[in-house]
Amino acid sequence: MTELVVFGLEDHPNGKQFPLIEVTSAFSRQWKAEGSIEVPVDIDGIKVIAKAEDGSGVGSLHLDFNMQTLAVYPEGGQIQSMETVDEGLHLTLSWHVHETSLEDVVSLEDLPALLNGLGDLVDDTELEDIGNAINDSQAFQKVVQLIPIWHIDLPFIFSKLGNSLCDRFECTSDISDIDEAIRAHQKAVELTAPDDANLPVHLNNLGSSVHCRFRHSRNLSDITEAIGALKNAVKLASQSNSNEHLPCLLSNLGAFYRAWFEHTGDLPDVAEAIAVQQRGLALTSQGDTDLPGRLGNLGNSFTTRFEHTGDLSDINQAIGTHQRAVELTPQGKAELPSLLSNLGGSFTCRFEHTGVLADITGAIEAHQRAIKMTPQGHPSLVSHLNNLGVSLTSRFEHTGDLSDIAEAIGAHQRTVDLTPQGHSDFPCRLNNLGNSLKCRFKCTGDLPDIAKAILAYQKAVDLTPQDHMNLPCLLSNLGDSFTCYFEHTGALSEIAKAITAHQKAVELTPQGHAELPARLNRLGNSFAMCYGCTGDLSDIDKALKVHQQAVELTPLGDAKLPQCLSNLGASFTTCFERTGNLSNIDQAVKAHQRAVKLTPQGHAKLPSYLNNLGGSLTRRFEHTSDLSDIAEAITAHQKAVHLTPEGHADLPSYLNNFGASFACRFDQTGDLSDIIAALAAYQRAVDLTPQGHADLPSLLNNLGGSFADHFEYSGDLCDIAEAIAAHQRAVELTPPGHASLSLYLSNLGNSFRCRFVQTSDIFDITEAILAHQKAVELAPKGHADLPTHLNNLGTSFTFRFGHNSNLSDISEAIHAHQRAVDLTPQGHASLPSNLNNLGGSLTSRFEHTSDLSDIAEAIGVRQRAVELTPQGHADLPLYLGNLGNSLKSRFEHTHKPSDLSEAIGLHQRAVDLTPHGHADLPGRLHTLANSLYSSSVFRESSDDLTASISHYKSAAICTFGPPSWRFKAAKNWATLLYEYSPQAAQTLTAFDTAISLVSLSAGLEHTVQHRYTHLQDMSNLPCQAAAAACLSDQADKALEWLEHGRCVVWTQLNNLRTPVDSLQMHDKDLAQHFINVSRRLEKAALRYGPPHSDMSMAHKISLEDQARAHLKLAKNWDQLLHSIQTTIPGFQNFLQPSSCSTLLKNLPDEGPIVVINVHHSQCDAIALIAGLDEPLHIHLPNFSQKKASTCQQSLMTHLKQYDLRMQAVDPGSLDDPTERGIQPHKKIKEVQKILGSLWKDVVKPILDALAFSRSKPSPDTKLPRIWWCPTGPLAFLPLHAAGIYHEKNSESILDYAVSSYTPTITSLISRVKSHSAINADVSGLFLTCQPNVPGASVISGTTAEVRSIYDQVIKHGVRAQTVEGDALTVEGGLKYMEEFSCIHLACHAGQDQRDPLQSRFRFHNGVLTLSQIMQKNLKNADLAFLSACQTSTGEERLPEEAVHLAAGMLAAGYHRVVATMWAIGDCHAPAVSKDFYNYLLTHQAGSGGFNGSQSAYALHYAIQKLRQRLDNSQKSFLDWIPYVHFGL
């Protein structure tokens, strides 16, 4: 048939023709008429005739209808049989009836224009407005209703409708839109003939809409249907003569295969995607406008496969393809920004694999170009901004440049701001904003960032429907943000939220989904982190389970498999740290090794996997001590560092772990090179980390720990100072509430305790306890680190108890240690340490209380600690030695031989297991020697004694370890030899070793105050050594040892002020450098006092910085000194302790220097006389240390009885009425007895040996001078007043010589050598009186005293200045000391026995301390008359250090000092001073200036005058004896 003719229409009286088109069917022949028939309502019917090709009628049908009865004909298809001319022919006619109003009638002629207009409407409408455009016009729905089902354009209309609805769905995510779109496309396909050239297009549109729904629902049937539709389309297009649509269809089919692959991870799918897209490209001609888009699609597929396989050839192909797409696209073309964005994405992907910065720079530039080309308001702008933010974030993660992450956050924030709340992409954009905020938080630790990130993630989750495909991803990221917050705060509620979010993400991810392993990984990480806080084994079991599941679900060859393996290895490592089960750490190592093996060289993640492998190998080494493990760990970490480019954000972390592996090997082997390497790595990690970075406190904490380790090996205070400084910075930089703060505080406390062990500075142990207490308070109940913090707290309490014996401290220690043990699970690696320390605190309490139950428990827990510690473990020697200590402690109480024998065996094992060069070896040798000595006494065993002496010697001669331990060993070595073999040659060797260690133990690296504290335990050694030398008739050696071992601090200060004129002649620059360092070092040494516990951390850090600078100066000074001694000819003895022959070269001509050595074994005097080439040894057989001590105690008792001696002075107190003002006293026979004993047993024998004769001075002759240098208790007795004082036949030193004192021989002869004329500009006398100091007794006599002297000296033409009372400030006093060669201070004074450098002169406007005076280099100083009380009293605990104001004034530069041994009378002081200056002024040497060269004689004269005024009565002893002369 060829046509259909319709009759009965007014406009077509001859009928209207409709051409028929045959439609192929498998079952019958069908013809289709195009168009429609408009029937007015007044027409009752029409006739339809079907005609054949020859024009003859084949069949007819009369349609009789009344429009009023149309209701019986439902809208839609109708069918009716036709009458045919041939009975064998059967024809049916089908049609649609539609009722319409006149205004809706559209003529078929107008239809094409209408359709074109609607197409333009769709094409030109912005995405955000497309839904509104459809809803407002209802255009497509009306057109569909107007067009009959057989109309040729109806499929086109359905297709257009489907596209519009699909676009609206992309905007709104309204599932009804996409469902209706799919139905429209399905209708378009149904209405399109199988051979219609447009069918592939409609199939393509159908597939695209189903694919769109798949991206929302992740329903696999959708993507299957989409691929089926496209495959049909491709098949039809391939069979068609015209294949113009085929390239496009192939490109889209490839995209659908890629989407399927992204869900399943099945590599053949992405391979098929690439294959069909390459086929499509091959069919696309050069110059085709669609070529760039198809290249872009292919590039995306290559990128997707690369993300799965890590095959660099794929990503290189992707980048090349995207670059070609960009190059082929003209500027201004609408597609160019999207193509640039694709290129940027592939660059970012390759960068994340290789870490090559050029790639991420290229990515950012591409994204920036895309943004620049995209007009404001364009729907693609938001996508380009988002991609830029992702790339900037990626670069930030590599470089740590905060400007990148700030820009990324800005870009993501802009995408959020530009996206309407209801937009389907709004949650995704919130998610990306959260990612960038979280990333910055990880760097800065700024809590507002992670709080904002959580809000963004939470909102994204809340806005996403439960069935949306993106919800699992959003939940996973939300979980990560909770984890970050937990890591910062330690709040268990946050990790619980993280676990809940990750669990939900896993539950919503279908089995077989490519992202399921990654989400399982994150869930496992959260479980592991929760375990780290709670220690609950079920958490780590869950972590292992999900990590193993992630590995099992990830196919071999998948690029994500190494990450899954690495996470599994981390969980196994964590489990091992809890259980100590070697199978766990073996599994961890295997997992990490597989991860490394599966990662290609050049992959950006390879350093991370190597780093993790190194960590697990290190953990295994800590347990097994297998050196091959730690060697492999170091190699892995080294590779990780080597493969990480400079500037990479992860490099500090890898360096940190590299350092940790070296530190671990050092702990085991004690190889110094390892800890040096560890320090270098840690320091570099810190140096590379910018200020404000969240990881900086952790890195500083580790650096501090390594310095502390080095200190325990070296004993170098510089190391522990650096450790404390690093730990303090870590604490300071960690915000309150941070989860790691308790750890950093605990480690800070450990460093303070380490320093306390060496320095015994009570401040350090107090700070340690405060830090540990705070660490315990901050650790939540149940936290895995709590036992460690309790253990550290208990240890610090134990150490403080050892210092102060306060039982409350040891009770606190035991309580803390017991809690630590109770909270430590069985099998935990730290249990042995906690048991050992509990045993230590119990032993300490036993030694105080003798409660045997304590020592029994101590031995029990320490035995358990040893049993739990594997052979080869670095801490085993410590535990063995401590168990030995506890057994020895019990032996000393019970005398059970087996305890002592076992203790010796344990101490020997501890020594044997300690490597040579380890800082603890001297201490362990010393402890072993102690046990052997106890055995020698108990068993009377000479073999044990010999072994004990041998071990003391070994400890003493070590060139490593803390000097304090070596000194103790040397002292014991020497003492035992002196006791058992006093004249053996080895005895003197032992003493020589011990004396040489005195100055090391109180070196220049300490403050002066700290040196004095150290020297209290050493003060007896020089006298003991001198006694041994005298016994061996080696008086010269005795003299050298006394000079070397006494007045250590004054000698050190003198060395710092030594003129270097001769050195300047050899090397001027070196000499000046040495002078500068010396001056700075002296000033640093005189800084006063440690920080106080209530100071701010910033203030404490500042003071610790000063201490560190001091230590570095001391080291620098030692190095300079060594350089001078070893490189400059003739300077090998520069600042070395003087030999006896050197001392004899510069003696004063006026008289001998007499050193009197007092020791319990014997007493001797050694006289140095000018002109003799050897000292004169004078044995004092009738004197003893006991006699000296008795005399000293007796004198002190009487002085206190008469308020002439203070008990002690509070540094802050100004209320001291006993200074200068004295009470009347009665006749004191005891003093007379003391003076007589000194005369008969000491002074007279010395005078006789010196051949001094009694004589009366005359104008023509003067008494000889004698300089006394007493030791021990004799240093506190008045040798200058020794004599027999009776009314008849009195005899005293006053009749034989003029007495002076000198702290050391060296200090006196240095003044003899450096004696020169006083500069005329400063020659003169400064005087001050301070009669009315607030809080002190009134000493009104000082005013008359000073005024009288001033009048005297002015009359003699002496340059003088006087300042009285509150007119003088402390600063002014110091200034006048620099401007006048001589000073006279008439005031109150006081000695601070707790801190000698704070001994002071009291002015109306403040106190002038010895420390302040010593900081002045008074190079023109000559005479200081200290008309004040107790200015030469000294410190009983430091008899060999001459710690008093007189010696301090000598150290400050004065050549001679007049001082007092105790309080003086205000009524006598003015007269003594007047007589003193009268003599001085009338006996000037004619030098043209005022000087004190005759000051010793002047004082002798003034005292004799005072005695005469007091009738030489016995009761006057305490009035005149206190006046003494020091120096030349």
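Reading the values: rules and limits
- Residues numbered from 1 in each chain as written.
- Predicted model: local features only at pLDDT ≥ 70, side-chain atom pairs only at ≥ 80, totals over all residues.
- Heavy atoms only, no water.
- Helix = DSSP H or I, 4+ residues; strand = E, 2+ residues; numbered from the N terminus.
- Rg over C-alpha atoms; globule rule 2.2 N^0.38 Å.
- Buried < 20%, exposed > 50% of the residue type's maximum accessible area, 1.4 Å probe, protein only.
- Contact = heavy atoms within 4.5 Å.
- Areas by Shrake-Rupley, 256 points an atom, 1.4 Å probe, with all protein chains shown as cover.
- Lys, Arg positive; Asp, Glu negative; His and termini not counted.
- Charge placed at Lys NZ, Arg CZ, Asp CG, Glu CD.
- Axes fitted to C-alpha atoms, helices over the stretch in contact; angles between N-to-C directions.
- Parallel < 35°, antiparallel > 145°, perpendicular 65-115°, else oblique.
- Left-handed = near helix turned anticlockwise from the far one by under 90°.
- Nonpolar A, V, L, I, M, F, W, Y, C, P; charged D, E, K, R; others polar.
- Pairing = 2+ DSSP bridges.
- Patch = residues over 30% accessible without salt bridge, like charges linked within 9 Å, V, L, I, M, F, W, Y side chains within 5 Å.
- Salt bridge = Lys/Arg side-chain N within 4 Å of Asp/Glu carboxyl O.
- Right-handed = clockwise from strand over helix to strand, strands pointing away.
- Core = buried A, V, L, I, M, F, W, Y, C linked by side-chain atoms within 4.5 Å.
- pLDDT = per-residue confidence, 0-100.
- Disulfide = S-S within 2.5 Å.
- Phe/Tyr/Trp six-rings, centres within 6.5 Å; stacked < 30°, edge-to-face > 60°.
- Lys NZ or Arg CZ within 6 Å of the ring centre and 35° of its normal.

(A) Highlighting the overall build of the protein chain. Within the protein chain one finds 59 helices and 24 strands. Over its C-alpha trace the protein chain gives a radius of gyration of 50 Å, far above what one expects of a compact globule, namely 36 Å for 1528 residues. Counting across all 1528 residues of the protein chain, residues that qualify as buried make up 56%. Of all intrachain contacts in the protein chain linking residues separated by at least 6 positions in sequence, the fraction that spans at least 24 positions is 68%. When the accessible surface of the protein chain is split by element, carbon and sulfur atoms take 51% of a total near 62700 Å². Seen as two clouds, the 117 positive and the 167 negative side-chain charges of the protein chain have centres 13 Å apart.

(B) Structural context of the packing of helix 32 (residues 786–804) against helix 33 (residues 807–823). Contact geometry for helix 32 and helix 33: axes closest at 7 Å, N-to-C directions at 160°. Overall, the two elements helix 32 and helix 33 adopt an arrangement that is roughly antiparallel. The crossing of helix 32 and helix 33 is left-handed. Here Leu786, Pro787, Leu790, Asn791, Leu793, Gly794, Thr795, Phe797, Thr798, Arg800, Phe801 and Asn804 of helix 32 come into contact with helix 33, specifically with Leu807, Asp809, Ile810, Glu812, Ala813, Ala816, His817, Arg819, Ala820 and Leu823. Residue composition of the contact of helix 32 with helix 33, by class: 12 nonpolar, six polar and four charged.

(C) Region of the structure containing the pairing of strand 5 (residues 57–64). Direction of pairing for strand 4 (residues 45–51) relative to strand 5: antiparallel, over a ladder of seven bridges. Bridging across to strand 5, Lys51 finds its partner in Gly57. In sequence, strand 4 turns back onto strand 5 through a hairpin of five residues, with Gly55 there showing a positive phi of about 90°. Relative to strand 7 (residues 83–84), strand 5 runs antiparallel, the two sharing two bridges.

(D) Examining a negative patch on the surface more closely. A cluster of like negative charges, contributed by Glu262, Glu307, Glu352, Glu397 and Asp650, occupies part of the molecular surface. If you trace the backbone, Glu352 turns up in helix 12 (residues 336–354).

(E) The arrangement of the pattern of salt bridges in detail. Enumeration over the complete set of coordinates arrives at 31 salt bridges. As a salt-bridge pair, Glu494 and Lys497 come within 3.5 Å of each other at their nearest N and O atoms. Here Lys497 and Glu494 lie together in helix 19 (residues 492–508), a separation of three residues that amounts to about one turn. Owing to a relative accessible area of 40%, Lys497 belongs among the partly exposed residues under this scheme. Between Glu622 and Arg619 there is a salt bridge, and its shortest N-O distance comes to 2.9 Å.

(F) Region of the structure containing the pairing of strand 23 (residues 1456–1460). In terms of burial, strand 23 is largely enclosed, as five of its five residues are buried. Relative to strand 23, strand 22 (residues 1423–1427) runs parallel, the two being bridged by three bridges. Across the sheet, the residue bridging to Ala1424 is Val1457, located in strand 23. Between the parallel pair strand 22 and strand 23, the chain is carried across by helix 56 (residues 1445–1452), and the sense of this crossover is right-handed. Inspection of the sheet shows strand 23 paired to strand 24 (residues 1523–1527) by five bridges, in the antiparallel sense. The partner of Val1458 across the bridge, within strand 24, is His1525.

(G) Up close: unusual backbone geometry. Backbone geometry at Glu940 places phi at a positive 55°, although glycine is not the residue there. Relative to the assigned elements, Glu940 resides in the loop between helix 38 (921–939) and helix 39 (942–956). Accessibility expressed as a relative area gives 72% for Glu940, which makes it exposed. With phi around 60°, Asp1033 is a residue other than glycine that occupies positive phi space. Along the chain, Asp1033 falls in the loop between helix 43 (1021–1031) and helix 44 (1035–1045).

(H) Representation of the packing of helix 17 (residues 447–462) against helix 18 (residues 471–489) in the model. One way to put it is that helix 17 packs onto helix 18 with a least axis distance of 9 Å and a crossing angle of 155°. By the criterion of interaxial angle, the relationship of helix 17 to helix 18 is roughly antiparallel. The handedness of the crossing between helix 17 and helix 18 comes out as left-handed. Residues Leu447, Ile450, Ile454, Tyr457, Gln458, Ala460 and Val461 of helix 17 lie in contact with helix 18, whose contacting residues are Leu471, Leu474, Leu475, Asn477, Leu478, Ser481, Phe482, Cys484, Tyr485, His488 and Thr489. When grouped by side-chain class, the residues that make up the contact of helix 17 with helix 18 number 13 nonpolar, five polar and no charged.

(I) Representation of the nonpolar core in the model. One finds Ile1156 and Phe1401 to be the most contacted residues of the largest nonpolar core, which totals 205 residues. Non-local contacts of Phe1401, meaning those with residues more than four positions away in its chain, are made with Leu1385, Cys1387, His1388, Ala1389, Gly1406, Val1407, Leu1408, Ile1413, Leu1426, Thr1431, Leu1445 and Met1449. Counting 138 residues, the second-largest nonpolar core is a separate cluster that includes Ile454, Leu561, Ala636 and Ala681.

(J) Local environment of the confidence of the model for the protein chain. Per-residue confidence for the protein chain averages 85 on the pLDDT scale, and 90% of its residues sit at or above 70. Of the regions scoring below 50 in pLDDT, residues 102–106 engages in four contacts with residues more than four places distant in sequence or in other chains. For residues 118–138, every residue scores under 50 in pLDDT, and the model assigns this stretch 29 contacts once sequence neighbours within four places are set aside.

(K) Molecular detail of helix 44. Buried residues dominate helix 44, accounting for eight of its 11 residues. Trailing helix 44 by a residue or two, Cys1047 shows a phi angle of about 45°, which is positive.

(L) Geometry of the sheet that holds strand 20 (residues 1400–1403). Taking strand neighbours across the sheet as the criterion, the three strands line up as 19-20-21 in an open arrangement whose pairing is antiparallel. Two strands in the sheet have a free side with no partner beyond their single neighbour: strand 19 (1388–1390) and strand 21 (1406–1409). Going from strand to strand, the sheet's axes swing by 30° on average, the running direction of each strand aside. Of the pairings in the sheet, the one linking strand 20 to strand 21 comprises four bridges and is antiparallel in character. Along strand 21, the bridge assignment pairs Arg1402 with Val1407.

(M) Looking closely at the environment of Leu835. Within the secondary structure, Leu835 sits in helix 34 (residues 831–849). Separated by 672 residues in the primary sequence, Leu835 and Asn163 place their C-alpha atoms 75 Å from one another.

(N) Local environment of the side chain of Ser948. Locating Ser948 in the fold gives a position in helix 39. Exposure remark for Ser948: the relative accessible area of 0% places this residue in the buried category.

(O) Region of interest: the state of the cysteines. Within the structure shown, the criterion is met by zero disulfides. Distance from the sulfur of Cys1023, which forms no disulfide, to the nearest cysteine sulfur (Cys1163) is 9.2 Å. With no disulfide of its own, Cys1140 lies closest to Cys1030 among cysteine sulfurs, the gap being 11 Å.

(P) Seen up close, the packing of aromatic side chains. Per the counting criterion, the structure on display carries 19 aromatic pairs. Seen in terms of ring centroids, Trp1239 and Tyr1296 are 5.5 Å apart; in terms of plane orientation they differ by 50°. Their pairing is tilted. Within this pair, whereas Trp1239 is found in helix 51 (residues 1229–1250), its partner Tyr1296 is found in the loop between strand 14 (1291–1292) and strand 15 (1298–1301), the two being separated by 57 residues in sequence. When the ring of Phe1326 is compared with that of Tyr1376, the centres are 4.5 Å apart and the planes differ by 15°; the resulting orientation is stacked. Taken together, the residues Phe1326 in strand 16 (residues 1325–1329) and Tyr1376 in helix 54 (residues 1370–1379) connect sequence positions 50 residues apart. Take Phe1326 and Tyr1376: they sit in the same class, and that class is buried. One aromatic cluster is present, built from ring pairs that chain together Tyr978, Phe991 and Trp1041. Over the face of the ring belonging to Tyr1497 we find Lys1262, whose NZ or CZ atom lies 4.2 Å from the ring centre. Residue placement shows Arg1359 over the ring face of Phe1380; its charged tip is 4.0 Å from the ring centre.

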